[in-house]
Amino acid sequence: MVSAGLEILGLSLCVIGSLLVMVACGLPMWKVTAFIEANIVVAQTIWDGLWMSCVVQSTGQMQCKVHDSVLALSHDLQAARALTIISSVMGVLGLMVVIAGAQCTNCIRTEYVKARVVNAGGAIYIISGVFVLVPLCWMANNIISDFYNPQVPASKKREIGAALYIGWAATALLLIGGALLCCSCPSSGNSGYSVKYAPTKRATQNGDYDKRNYV
């Protein structure tokens, strides 16, 4: 019962984490304009994402433009694209693996094999969390380095956007949920006592039971 509860909790955390990875992958708020000049009245805010760049006017209007060329992107954006997509695909794969081995399903009969399949699904989710963590930390390091670099003009400096925080939260959920799934163990309910039945009593040729049956 405890093992089933851990599986449900771990799978719920992993599913939420995978959904947050997909949300972070689609959001354009990976890099946000840094307001570091004396004038705090700004006319527009620039968002840079994996797939597009958006300009938000002070009136609330927003215009977005998809990146024209993949090769023209920086290395951190290219790596973030690939790794977040791989992480999302692994999240779907891990969901199918865990459901196949869950105790509430009958896809696999043997309890030992079911537990090992759930452990494999937890490992997939942990790898998925590591894959999405790498581009998040890489991009955050580049943003911080450019922010404190005096050679970078103020108009080119950026701050950490909301998508990075969502990605870090997704990474934490994937790692915690995957660890819970890896802690799943075979159920011991069917491995207790073996039932032995007594042999069937047979009658003799005269129609009477053997006297040994009454001893």
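Throughout, residues of each chain are indexed from 1 in the direction in which the sequence is written. Local features in a predicted model are, by the rule used here, given only for residues with pLDDT of at least 70; side-chain atom pairs are given and counted only at 80 or more, and totals for whole chains, interfaces and linings are based on all residues. Hydrogen atoms and water are omitted, and side-chain values are computed over all heavy atoms in the structure.

Enquirer: Kindly report on the packing of helix H3 (residues 111–147) against helix H4 (residues 162–182), identifying the contributing residues and their values.
Expert: The interhelical angle for the contact between H3 and H4, taken along N-to-C directions, is 155 degrees, at an axis separation of 8 Å. If you check the angle between H3 and H4, you find them roughly antiparallel. Seen along the crossing, H3 lies across H4 with a hand that is left-handed. Of the residues belonging to the contact of H3 with H4, the class tally is 18 nonpolar, seven polar and no charged. All axes here are fitted lines through C-alpha atoms, helices being fitted over the stretch that makes contact, and every angle between N-to-C directions spans 0 to 180 degrees. Numbering of helices and strands runs from the N terminus, with a helix taken as a DSSP run of H or I at least four residues long and a strand as a DSSP run of E at least two residues long. An angle below 35 degrees is treated as roughly parallel, one above 145 as roughly antiparallel, one from 65 to 115 as roughly perpendicular, and anything else as oblique. Here a crossing is called left-handed whenever its near helix is offset anticlockwise from the far helix by less than a right angle, and right-handed whenever the offset is clockwise. For this classification, Asp, Glu, Lys and Arg are treated as charged, while Ala, Val, Leu, Ile, Met, Phe, Trp, Tyr, Cys and Pro are nonpolar and the rest, including Gly, are polar.

Enquirer: Tell me about the nonpolar core, and please be specific about residues and values.
Expert: Residue types Ala, Val, Leu, Ile, Met, Phe, Trp, Tyr and Cys, when buried and joined through side-chain atoms within 4.5 Å, form a set referred to as a nonpolar core. For every residue, the accessible area (1.4 Å probe, protein chains only) is compared with the maximum for its type, and the residue is labelled buried under 20%, exposed over 50%, or partly exposed between those bounds. Counting 22 residues, the largest nonpolar core has Trp30, Leu50, Tyr125, Met139, Leu164 and Leu181 as its most contacted members. Residue contributions to this core peak at seven residues, all from H3. The residues contacting leucine 164, other than those within four sequence positions of it, are Met29, Trp30, Leu136, Ala140 and Ile143. Here, residues are in contact when the closest pair of their heavy atoms is within 4.5 Å.

Enquirer: Give me the lowdown on the pairing of strand S3 (residues 52–57), citing residues and values where you can.
Expert: In the sheet, strand S2 (residues 44–48) pairs with S3 via five bridges, with the strands oriented antiparallel. In the strand pairing of S3, threonine 45 is matched with valine 56. Any two strands with at least two DSSP-identified bridges between them are counted as paired. Connecting S2 to the antiparallel partner S3 that follows it, the hairpin turn spans three residues. Strand direction decides the pairing type here: S3 and strand S4 (residues 62–66), joined by five bridges, are antiparallel. Across the sheet, residue serine 53 finds its bridge partner in S4, namely lysine 65. Counting the residues between successive antiparallel strands, the hairpin from S3 to S4 contains four residues, one of them, glycine 60, with a positive phi of roughly 105 degrees.

Enquirer: Which residues make up the state of the cysteines, and what values go with them?
Expert: Two cysteine sulfur atoms make up a disulfide if the distance between them is within 2.5 Å. In the structure shown here, the tally under the stated rule is one disulfide. Cysteine 54 shares a disulfide with cysteine 64; S-S distance 2.1 Å. Taking the torsion about the sulfur-sulfur bond, which here is approximately 105 degrees, the covalent link between cysteine 54 and cysteine 64 counts as right-handed. Residue cysteine 54 is found in strand S3, and its partner cysteine 64 is found in strand S4; the two are separated by ten residues along the sequence. For cysteine 54, a relative accessible area of 1% gives the class buried. Assessed through its relative accessible area of 41%, cysteine 64 is described here as partly exposed. Cysteine 14 takes part in no disulfide bond, and the closest cysteine sulfur to it belongs to cysteine 182, at a distance of 8.8 Å. Cysteine 14 sits in the buried class, given a relative accessible area of 0%.

Enquirer: Break down the UniProt feature "transmembrane region" (unreviewed entry) in the protein chain for me, with residues and values.
Expert: UniProt positions are given in the numbering used here, feature names are shortened, and annotations may be inferred rather than shown by experiment. As annotated by UniProt and renumbered to match this structure, "transmembrane region" (unreviewed entry) occupies residues 6–27, 82–102, 122–141 and 162–181. Here residues 82–102 is 95% helix and 0% strand, with 30 Å between the C-alpha atoms at its ends. A distance of 29 Å separates the end C-alpha atoms of residues 122–141, which is 100% helix and 0% strand.

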